[in-house]
Amino acid sequence: MTIATHERYAQMLDAARRGGYAYPAINVTSTQTLNAALQGFAEAESDGIIQISVGGAAYLSGQSVKDRVVGSLALASFAHEVAAHYPNITVALHTDHCAKQYLDEWVRPLLRHEIDEVAHGQEPTFQSHMWDGSTVPLDENLDIAEELLEQSVKAHTILEIEIGAVGGEEDGHSAEIDEKLYSTPADGVKVAQRLGLGERGLYMAAFTFGNVHGAYKPGIVQLRPGLLGDIQHEVAAAVREGRVSSVPTAFANSATARAGASFGAGANAGADTDAADAVAAEKPFALVFHGGSGSRPEEIAQAVSHGVVKMNVDTDTQYAFTRAVAGHMFEHYAGVLKIDGEVGEKRFYDPRSWGREAESSMAARIVEACQQLGSAGKALK
């Protein structure tokens, strides 16, 4: 098991929610950064999530093609081949931050492709997709989420939604740092009422609590991770009071029931899913943390304690990769460049020489993320 099946992915998310840890979701833009992600997860003995953004998907197809579907499928094919050589970890493939204007040219075509795969008895190419409705009103956001959730069920994928706006800039999209960065418990209840809590399809929710994309110094952004606990508590209370008709259940139970599959076999399967159901009752949402770069360790830990199972990691791994390249170029300046008519040194400008350093540097940062989020050493057996 390396690339997760639908049921295995559900089991991963349940294990994180029940165990109080989260998976780093690593953005990649090339086969090199993908290899670095796999190396990092393997070194940390952690399962994880590998994802591509709207800009990364276009970049992956080549600057002369710029086709997001082509880039996504090409990377996924490479991932399936290479990841098979990392048998002790499980990774899920995910598309990240698809805004409304990109749905028809990116996520919807991928879902149609995956629905066809499932119809022919295959596993879907990707295991989850994100719908980024942060720039549209909540009702419209949930209208689109309902439609995508229905398609996700057919595709055997998990949906990720965003409620509220993430500040800063990513792939050309930006949002101000203001009160829009904070979701409310009432938003959580509305989401549960519209999308259910697993019985209509599996989804993760990225409620915002002051998150900002990109690099920033502590103090510029005011994170309120306790807000995630308020949202979870309010929705759990709404379930008990009948304001939300859904009963939160473990992802694995929901996935198995929908697929009609035999899943979780073994002596402890019943106990594991019962425990996961109990945790889901108190933490109805499997939460996602966006814009975590620069966050204090205690803020990350508090967010995870409230049910965050996935934390996006991009800015820090970008820097780790590029910093190693820059270090190589400065250290071997005379060898990389053909100065004053000299010939340089091929061993220093060979892309493999600096590429290996970059991959190892990025992998080390991923190990650090796994340790910080608590997934290190917890790869499912």
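Just above sits the structure.
Residues numbered from 1 in each chain as written. Predicted model: local features only at pLDDT ≥ 70, side-chain atom pairs only at ≥ 80, totals over all residues. Heavy atoms only, no water.

1. Describing the packing of aromatic side chains
1) Next: Taken as a whole and judged by the stated rule, the model has four aromatic pairs.
2) Next: Pairing Tyr-203 with Phe-285 gives two aromatic rings, centres 6.4 Å apart and planes at 55 degrees, and the pair type is tilted. Of this pair, Tyr-203 sits in strand E8 (residues 203-207) while Phe-285 sits in the loop between helix H10 (269-282) and strand E9 (287-289); the two residues are 82 residues apart in sequence, bridging distant segments of the chain.
3) Next: By relative accessible area, which is 5% here, Tyr-203 ends up buried.
4) Next: Note on Phe-285: relative accessible area 2%, which makes it buried.
5) Next: One aromatic cluster in this structure is built from Tyr-203, Phe-207 and Phe-285.
6) Next: Across from the ring centre of Tyr-21, 5.2 Å away, lies the NZ or CZ of Lys-378, which sits over that ring. (Phe/Tyr/Trp six-rings, centres within 6.5 Å; stacked < 30°, edge-to-face > 60°. Helix = DSSP H or I, 4+ residues; strand = E, 2+ residues; numbered from the N terminus. Buried < 20%, exposed > 50% of the residue type's maximum accessible area, 1.4 Å probe, protein only. Lys NZ or Arg CZ within 6 Å of the ring centre and 35° of its normal.)

2. Notes on the packing of helix H5 (residues 107-119) against helix H6 (residues 138-155)
1) Next: For the pair H5 and H6, interaxial distance at closest approach is 8 Å and the crossing angle is 30 degrees. The pairing of H5 with H6 is recorded here as roughly parallel in orientation. Residues Arg-108, Leu-111, Glu-114, Ile-115 and Val-118 of H5 lie in contact with H6, whose contacting residues are Ile-144, Glu-147, Leu-148, Gln-151, Ser-152, Lys-154 and Ala-155. (Axes fitted to C-alpha atoms, helices over the stretch in contact; angles between N-to-C directions. Parallel < 35°, antiparallel > 145°, perpendicular 65-115°, else oblique. Contact = heavy atoms within 4.5 Å.)

3. Focus on helix H12 (residues 315-331)
1) Next: Under the 1.5 Å per step criterion, the end-to-end length of H12 is 24 Å for 17 residues, consistent within 8% with the ideal 24 Å.
2) Next: Taken together, the buried positions of H12 are occupied by Thr-317, Ala-320, Phe-321, Ala-324, Val-325 and His-328. End-on, the buried residues of H12 take up no more than an arc of 125 degrees, which puts them together on one face. Residues of H12 that are exposed and angled more than 90 degrees away from the buried face: Tyr-319 and Phe-330.
3) Next: Considering only its buried residues, H12 is in contact with strand E1 (23-27), helix H2 (31-44), strand E10 (308-313), helix H13 (333-336), helix H14 (346-349) and helix H15 (351-373). (Expected span 1.5 Å × (residues − 1). Arc of directions from axis to C-beta.)

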